Amino acid sequence: MSISLFVCVERVADVARCSRRAVLAGVAALLAACAGGPPAVVSQEPPPPIVFVHGNGDTGGLWLTTIWRFESNGWPTTRLHAIDLPYPLARDADDKPQPGRTSIAEYQQFLAAEVDRVLAATGARQVVLMANSRGGYAVRSFIANGGAAKVSHAILGGVPNHGIWANPSFRPTNEFNGAGPLLMALNNQGEPGVELTKGPKWMTIRSDANDKYAQPDGAWIGAKGTPTNVTVAGPELRGADNVVIPGIDHRETAFGPQAFAAAYRFITGRAPRSTDVTPQPAVALSGLVSGLGLGNDPTQGSFVTNLPLAGATLEVFAVDATTGERRGDALWRQSIGADGRWGPLAVSSRTPLEFIVAAPGYAQTHIYRSPFLRSSQLVNLRAAVLTDADRKAGAVVQLTRLRGYFGLPRNHVVLDGQDPAPGLVPGVAGVSTATVRLPPGTPRAVAAELDGERLVGRSWPVAGNHLVQLELHQ
């Protein structure tokens, strides 16, 4: 079994902190030991920096486990960068300004600046771009509008490259309309049917039939029984390396272990050693605290943002894995500043945690998380609000899966003893939150489970303006 040169360099440099000659000598020894003979001739170039581009309404924090997997296969942390678009939601009409929302042109401009920043920081000539869903539109637009020379590989996971629907008379300028101006231009570059910009290597990753946004029926866009004019193959692009992974959902096309393996192979030409995450004994955690945009126009309602929630307070507690009860005083307390950043918190990788975000106009949001196996600067936290339905309950506990959807019977999902968790029905995986609303009573343990990952929190009372989220790593 061979080990790539950059993995060996990282290991030898970290342990020995030696000269370049000693590093290369150590590399040769490691390669020989692993391969059972003389080292093969391999490139001495470091791996390319990767910029991860999130989808509609999301944050860079969704790439946390993907980055862990790259790190576990030897990729330097300094060459793995996930962006946070300040206003991550798409406009209803891409060509009309809308409070708290962005056009693809705006996303493209933000991405272009981030790419330049990563190139300057790393000294690299090109980056790899890996995107999920809407993020792929920004990637394609950036490459098509002058960015091609800066990109070696473009990986598009679950990107609706031919739209979520394709109908020129329904929301005609929405970016997700395959018959709209954005996708018609991207999918006909210079001449009909030319779907790729020359230069980068292209790969798409899609589900066989379990992507909620690549369905022939409009059920997932609120138009059940209406044809979308889109097929399950909608994310594919003519001329790309189109990978199909059976059973995965819309988010797993980018954030799941199989998508990671496909991306790693596409970039390096070989399979990863493992799709598992290699734990570190102690970790340092930090991230962004954000909230909702509460616009002045009541018809617009609220919208998620990745803007810093300055003035919020954050507390972090170690909790008991079986009861959710706190173990001692707070590990971390902080008032969030203008940059929205929190941390770094040093903690064991075996410690489950409770994060509490509090800010005026928001619920005290209790976020329970399983132990963090590796360090991360992407532990992003969003304050939440109670709905009218929530306020009628004694306590509200949400089970959230940010990196995938719940699907029945594919997944085994249990929340507070309800199997399956409330609100889940068989069919295409398309729901990422399950909620239990409990009657008033003494706070108690509330357990959740997804396919073997078990997480326990506590039921905090709505009367005290509390909301509980059990957030899965999966």
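For every chain, the first residue of the written sequence is number 1, and numbering continues from 1 onward in sequence order. Reporting of local features is limited, given that this is a predicted model, to residues whose pLDDT is at least 70; pairs of side-chain atoms are given and counted only at 80 or more, and all residues count toward the totals for whole chains, interfaces and linings. Working from all heavy atoms in the structure, the side-chain values ignore hydrogens and water.

Some points on the confidence of the model for the protein
(1) Moving on: Residue-level pLDDT values for the protein average 90, and 89% of them are 70 or greater.
(2) Moving on: The predictor's confidence in any single residue is recorded as pLDDT, a number from 0 to 100. Residue contacts are counted whenever heavy atoms from the two residues lie within 4.5 Å of one another. Across residues 1-42, confidence stays below pLDDT 50; counting only partners more than four residues off in sequence or on other chains, it has 46 contacts.
(3) Moving on: Ignoring residues within four places in sequence, the model shows residues 295-301, a span with pLDDT below 50, making 5 contacts including any to other chains.

Considerations on the pairing of strand S23 (residues 466-472)
(1) Moving on: Each residue gets one of three labels from its accessible area relative to the maximum for its type: buried under 20%, exposed over 50%, partly exposed in between, using a 1.4 Å probe on protein chains only. In DSSP terms, a helix is any run of H or I states spanning at least four residues, a strand is any run of E spanning at least two, and both are numbered starting from the N terminus. Burial within S23 is extensive, with 7 of its 7 residues counted as buried.
(2) Moving on: Burial along S23 is two-sided: the face carrying His466, Val468, Leu470 and Leu472 and the face carrying Leu467, Gln469 and Glu471 are both buried.
(3) Moving on: Sheet analysis places strand S16 (residues 364-369) next to S23, joined by 6 bridges and oriented parallel. Paired with tyrosine 368 across the bridge in S23 is leucine 470. At least two DSSP bridges between two strands are needed for those strands to be called paired.

Some words on the packing of aromatic side chains
(1) Moving on: For this analysis, a ring pair means two rings from Phe, Tyr or Trp (six-membered ring only for Trp) whose centres lie within 6.5 Å, classed as stacked if their planes differ by under 30 degrees, edge-to-face if by over 60, and tilted for the remaining angles. In total, this model carries 14 aromatic pairs according to the counting rule given.
(2) Moving on: Relative to phenylalanine 260, the ring of phenylalanine 70 lies with its centre 4.9 Å away and its plane at 90°, an arrangement referred to as edge-to-face. Note that phenylalanine 70 is positioned in helix H3 (residues 64-72) and phenylalanine 260 in helix H8 (residues 257-268), a separation of 190 residues in sequence.
(3) Moving on: For phenylalanine 260, a relative accessible area of 0% gives the class buried.
(4) Moving on: When the ring of phenylalanine 260 is compared with that of tyrosine 264, the centres are 5.8 Å apart and the planes differ by 55°; the resulting orientation is tilted.

Quick notes on the sheet that holds strand S9 (residues 282-290)
(1) Moving on: Ordered by their spatial adjacency, 3 strands build an open sheet running S14-S9-S17, and the pairing between neighbours is mixed. Each end of this open sheet is capped by a strand with a single partner; those strands are strand S14 (341-348) and strand S17 (381-382).

What about the pattern of salt bridges?
(1) Moving on: Basic side-chain nitrogens of Lys or Arg form a salt bridge, by our definition, when they fall within 4 Å of a carboxyl oxygen of Asp or Glu. Enumeration over the complete set of coordinates arrives at 19 salt bridges.
(2) Moving on: The residue lysine 150 makes a salt bridge to aspartate 116 at a minimum N-O spacing of 2.7 Å. One end of the pair, lysine 150, is in the loop between helix H5 (135-147) and strand S4 (151-157); the other, aspartate 116, is in helix H4 (residues 104-122), with 34 residues separating them in the sequence.
(3) Moving on: Between glutamate 175 and arginine 134 there is a salt bridge, and its shortest N-O distance comes to 2.7 Å. One end of the pair, glutamate 175, is in the loop between S4 and helix H6 (181-186); the other, arginine 134, is in the loop between strand S3 (127-132) and H5, and 41 residues separate them in sequence. For the pair glutamate 175 and arginine 134, one class covers both residues: buried.
(4) Moving on: Here the salt bridges do not stand alone but share partners, grouping Asp249, Glu252, Arg401 and Arg410 into one network.

Side note on H3
(1) Moving on: Within H3, 9 of the 9 residues are buried, leaving the element largely enclosed by the surrounding structure.
(2) Moving on: Regarding H3, the residues found buried are Leu64, Thr65, Thr66, Ile67, Trp68, Arg69, Phe70, Glu71 and Ser72.
(3) Moving on: Taken together, the buried residues of H3 touch strand S1 (50-53), strand S2 (80-82), helix H7 (252-255) and H8.
(4) Moving on: Remark: glycine 74 follows H3 within two positions and exhibits a positive phi of approximately 95°.

Regarding the nonpolar core
(1) Moving on: Grouped together as the largest cluster of nonpolar side chains are 35 residues, with contacts concentrated most on Val51, Val53, Leu111, Val127, Leu129, Val139 and Ile143.
(2) Moving on: For this core, the element with the most residues is H4, which contributes 6 residues.
(3) Moving on: Those residues within four positions of leucine 111 in sequence are excluded, and the remaining contacts are Val51, Val53, Ile83, Leu129, Ala138, Val139 and Phe142.
(4) Moving on: In this structure, Trp63, Met203, Phe266 and Ile267 belong to the second largest nonpolar core, which totals 27 residues. By convention a nonpolar core is built from buried Ala, Val, Leu, Ile, Met, Phe, Trp, Tyr and Cys residues, the set being connected through side-chain atoms within 4.5 Å.

Things to note about the environment of glycine 343
(1) Moving on: Structurally, glycine 343 can be placed in strand S14.
(2) Moving on: Overall, glycine 343 belongs to the partly exposed group, its relative accessible area being 27%.
(3) Moving on: Spatially, the C-alpha atom of glycine 343 lies 9.1 Å from that of leucine 288, the residues being 55 residues apart in sequence.
(4) Moving on: Setting aside residues up to four positions removed in sequence, glycine 343 forms contacts with Leu285, Ser286, Trp332 and Gln334.

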